There are 2 protein chains.
Amino acid sequence: MPDITDIEAAALRLKGHARRTPLLSSPFLDEIAGRRVFVKAECLQHTGSFKFRGAWSALSALAPGLRAKGVIAFSSGNHAQGVALAAKLHDAPAVIIMPMDAPRIKIENTRALGAEVVLYDRETEDRDAIGDRLSTERGLTLIKPFDDEMVIAGQGTTGLEIAEQAAELGITKADVVVCCGGGGLTSGIALALAARSTGLRARPAEPVGFDDVTRSLATGTRQKNATMSGSLCDAIVTPTPGEITLPIMQRMCGPGIVVTDDEALRAMALAWLRLKIVLEPGGAVALAAALFHGEQITTPDVICVASGGNVDPDIFARALARLAD
Amino acid sequence: MPDITDIEAAALRLKGHARRTPLLSSPFLDEIAGRRVFVKAECLQHTGSFKFRGAWSALSALAPGLRAKGVIAFSSGNHAQGVALAAKLHDAPAVIIMPMDAPRIKIENTRALGAEVVLYDRETEDRDAIGDRLSTERGLTLIKPFDDEMVIAGQGTTGLEIAEQAAELGITKADVVVCCGGGGLTSGIALALAARSTGLRARPAEPVGFDDVTRSLATGTRQKNATMSGSLCDAIVTPTPGEITLPIMQRMCGPGIVVTDDEALRAMALAWLRLKIVLEPGGAVALAAALFHGEQITTPDVICVASGGNVDPDIFARALARLAD
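Residues numbered from 1 in each chain as written. Chains lettered and ligands numbered in written order. Predicted model: local features only at pLDDT ≥ 70, side-chain atom pairs only at ≥ 80, totals over all residues.

Q: Got a sec to walk through the overall build of chain A? Specific residues and values, please.
A: Across its full length, chain A holds 14 helices and 10 strands. Against the compact-globule benchmark of 20 Å for 325 residues, chain A has a radius of gyration of 18 Å, which places it among compact chains. With 325 residues in all, chain A has 57% of them scored as buried. For chain A, the share of sequence-separated contacts (at least 6 apart) that also reach a separation of at least 24 residues comes to 75%. (Helix = DSSP H or I, 4+ residues; strand = E, 2+ residues; numbered from the N terminus. Rg over C-alpha atoms; globule rule 2.2 N^0.38 Å. Buried ≥ 20, exposed ≤ 12 C-beta atoms within 10 Å, placed from the backbone. Contact = placed C-beta atoms within 7 Å.)

This is the structure we're talking about:
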């Protein structure tokens, strides 16, 4: 299990490469939430999501000889772009395995960031077999999206920054709500906060119907989602919590908060209107939890991690349309 | 004329109150521009524009007894919100004079920020007479939008941050393109850069047809805009450069760059897509200049100030629609 020393080491490796994203606020959001709301804008991170931190952490921790051979990742989303850019900046080859039916823009973006994209057919091909073959042939190192100590340590640097920024603002007691998929970001932040700021407690936020972490924390046993499709919050839909991340969250996180897709869209619209940032649905669930489920929060202030902003224009337009309602 | 000492003093007064906004970038924007592009995201400033800096600077520089009587401003836009919030945070009354036909959302926002909004009829009433009467009756101090030394000094703190951030990133030579209306932000930044970073030079960017500053710099004499309406970039449309700001810009700025409304919309869309920030048309003209008029820029890197993000959803939707073209 990674610890605060790993997160501090990751922070040193990330210094000058990842952005220290701002902690934003608006009196209009405070009014809606009934308490002070602070938003850690990780959508402003390189490649538009926190994933760049974990990717940089993992790549920079590799032995140079191994790194020079290259890395491989399975992803059609934010992890793909994070790994592609981190690899490019390390002069390391990156292979990203994506389903053939992934959105064209995501394939193009990943290629434009210098990665080799290998497409597979979800119906007829086994992506793990393709990955294993390429890794063996080329000596590539797999960068997992969340269940990896160096990735968790990288995401945890977000928590170090939150602890510092909260102290600067005089915030001594707050729930820190985190958009949660496999739990890499949530567990990393939880580890950082537990070591650095005892008044701040991480809590996962998830979409309705994809609340495997919330249910795992509530029952004490690993839960699975019944399905993997049907949520607007695709960026944070995973089948089940990670092997490494779940025990950390069980020890250190408060209960999960579950929000609807519509609440995520409204949070996107309010982030656009009041904070001037762009969120994707999966990156807005933490803010939605703070704005619309305040009864589940007991601290005077709340901090939300806005984890990403890679969203298609048509879905964004749907969010903006909610302002008129 | 304000100087670097005034800007440094303003920076001390703003410390802990205004945000140090990030300098963002994306390899995709670099590709379009043919050089490295850095965007100073002042849309992330309190109230969604740089105007909060000047308002805070002016209010915090007032003698306490005068400040307690209150301030007054004429504005239906970003200056109104900046003054309203800065006054509220100083526990000072604020009166904002707005035309009756100003967008309802702007009137509501200004009121929600604690200001008293006084509406007047553009056709039948004289706003200056209303302002004079209120100022005399209540002892209010007028906060001008740009032609005021303390306001210019406050906007100039943006330039101090740009000089620091450029140094951190190893940028030694760059044009700093600034969205320009009356010239408060442009002249403030020019003063700060001239004192702090000799390789950085401020240059105004303006909308086609409203390029009074560009023409004033080119001809050496004060020019006026033929009309005040018809631009999407309403936030930066002013009749003529300021009495204080123009001489500063004449001494310290490079030539202006003029962009079309359509270019501003495309820059908004690209800022949404690649930087995850929300810009209004008038806040996007500097980025539009860097992306689409690179032939007028001679430095290896370019820094653009994205000055504000207060835009209506329908205009924003028009910008996003440009992505599909």
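Q: Account for the interface of chain A and chain B, naming residues and giving values.
A: With 18 residues of chain A at the contact, the number on the chain B side is 18 residues. Looking at the side of chain A that touches chain B element by element, the count peaks at four residues for helix H14 (residues 313–321) of chain A. Considered class by class, the residues forming the side of chain A that touches chain B number 14 nonpolar, two polar and two charged. (Nonpolar A, V, L, I, M, F, W, Y, C, P; charged D, E, K, R; others polar.)

Q: So what's going on with the packing of helix H3 (residues 51–61) of chain A against helix H8 (residues 149–168) of chain A? Residues and values would help.
A: Residues and elements named next belong to chain A. Remark: H3 packs on H8, axes separated minimally by 7 Å, with the N-to-C direction vectors making an angle of 130°. Classed by the angle they form, the pair H3 and H8 counts as oblique. Crossing geometry of H3 relative to H8 is assigned as right-handed. Between H3 and H8, the residues in contact are Arg53, Gly54, Trp56, Ser57, Ala58 and Ala61 and Met150, Val151, Ala153, Gly154, Gln155, Thr157 and Thr158, respectively. Its residues assigned to classes, the contact of H3 with H8 shows six nonpolar, six polar and one charged. (Axes fitted to C-alpha atoms, helices over the stretch in contact; angles between N-to-C directions. Parallel < 35°, antiparallel > 145°, perpendicular 65-115°, else oblique. Left-handed = near helix turned anticlockwise from the far one by under 90°.)

Q: Residue-level account of the domain arrangement of chain A, with values.
A: Residue and element names in this part refer to chain A. Along its sequence, chain A is carved into domain 1 (4–50 + 148–324) and domain 2 (52–142). Placing a centre on the C-alpha atoms of domain 1 and another on those of domain 2 gives a separation of 25 Å. Between domain 1 and domain 2, the residue contacts involve 22 residues of the former and 14 residues of the latter. Of all the elements in the fold, those that place two or more residues in the side of domain 1 that touches domain 2 are helix H1 (4–14) and H8. Of the residues forming the side of domain 1 that touches domain 2, the biggest block, seven residues, is contributed by H8. (Domains from an automatic or database assignment.)

Q: Go over the relation of the copies chain A and chain B, please, and point to the residues and values.
A: Of the two same-sequence chains, chain A is brought onto chain B (RMSD 0.0 Å, axial shift 0.0 Å) by a rotation of 180°. Such a combination of rotation and displacement between the chain copies is what one expects of a two-fold axis. Within chain A, Ile277 of chain A has its C-alpha nearest the rotation axis, a separation of 2.3 Å. Here 100% of the contact residues of chain A are again contact residues in chain B; the copies associate through an equivalent surface. (Least-squares fit on C-alpha atoms with pLDDT ≥ 70 in both.)

Q: Describe the packing of helix H3 (residues 51–61) of chain B against helix H5 (residues 78–89) of chain B, listing the residues and the values that go with them.
A: Packed helices, taken two at a time, are described by the angle between their axes plus the distance between the axes. All names here are of chain B. Across the interface, H3 lies against H5 with an axial gap of 8 Å and an inter-helix angle of 45°. As summarised for this structure, H3 and H5 are arranged oblique, according to the angle between their axes. Considering the relative orientation of H3 and H5, their crossing is right-handed. On H5, the residues touching Lys51, Phe52, Gly54, Ala55, Trp56 and Leu59 of H3 are Asn78, His79, Gln81, Gly82, Val83, Leu85, Ala86 and Ala87. Tallied by class, residues from the contact of H3 with H5 come to eight nonpolar, five polar and one charged.

Q: Describe the environment of Ala284 of chain A, with residues and values.
A: Residues and elements named next belong to chain A. Within the fold, Ala284 resides in helix H13 (residues 281–292). Judged by the 37 C-beta atoms lying within 10 Å of it, Ala284 falls in the buried class. Linking Ala284 and Val305, residues 21 residues apart in sequence, is a C-alpha distance of 8.3 Å. Other than its neighbours up to four places away in sequence, Ala284 contacts Ala264, Ala267, Met268, Ala271, Leu279 and Ala306.

Q: Any details on unusual backbone geometry? Residues and values, ideally.
A: Even without glycine at this site, Asp91 of chain A takes up a positive phi of about 55°. Here Asp91 of chain A shows up in the loop between helix H5 (78–89) and strand E4 (94–99). A residue is classified by how many C-beta atoms lie within 10 Å of it, and Asp91 of chain A, with 9 of them, is exposed. Of note in the backbone geometry, Lys276 of chain B takes a positive phi value of approximately 65° without being a glycine.

Q: An account of the sheet that holds strand E5 (residues 116–120) of chain A is requested, with residue identities and associated values reported.
A: All names here are of chain A. The sheet built from four strands is open, its strands ordered E5-E4-E3-E6 with parallel pairing. Looking at strand neighbours, the two that pair on one side only are E5 and strand E6 (141–142), the edges of this open sheet. For strand E3 (residues 71–74) and E4, the ladder comprises four bridges, and the chain directions are parallel. Each bridged residue has a counterpart across the sheet, and for Val71 the counterpart in E4 is Ala94. Sitting on the sheet, helix H7 (residues 127–138) is in contact with E3, E4, E5 and E6, with an inclination near 175° to E3. (Pairing = 2+ DSSP bridges.)

Q: Give me the lowdown on the pairing of strand E8 (residues 200–207) of chain B, citing residues and values where you can.
A: Residues and elements named next belong to chain B. Buried residues dominate E8, accounting for seven of its eight residues. Bridging between strand E7 (residues 174–179) and E8 involves six bridges; their strand directions are parallel. Among the inter-strand pairings, Val176 is bridged to a residue of E8, identified as Ala202. In this fold, E7 hands off to helix H9 (residues 184–196), which returns the chain to E8; that crossover is right-handed. (Right-handed = clockwise from strand over helix to strand, strands pointing away.)

Q: Mind laying out helix H7 (residues 127–138) of chain B, listing which residues take part and the relevant values?
A: Residues and elements named next belong to chain B. The terminal C-alpha atoms of H7 lie 16 Å apart, and with 12 residues this matches the ideal 16 Å at 1.5 Å per residue to within 8%. Sparse coverage of H7 is indicated by the burial of zero of its 12 residues. Phi for Gly139, located one or two positions after H7, is positive at around 70°. (Expected span 1.5 Å × (residues − 1).)

Q: Pulling in residues and values, what's your account of helix H1 (residues 4–14) of chain B?
A: What sets the pattern is the α-helix's 3.6 residues per turn: residues three or four places apart point alike. Residue and element names in this part refer to chain B. Those residues of H1 not exposed but buried are Asp6, Ile7, Ala10, Ala11 and Leu14. Relative to the axis of H1, the buried residues are bounded by an arc of 140° and lie together on one face. What points out from H1, more than 90 degrees from its buried face, is the exposed set Thr5 and Leu12. Looking at the buried side of H1, the elements it contacts are H3, helix H8 (149–168) and H9. (Arc of directions from axis to C-beta.)

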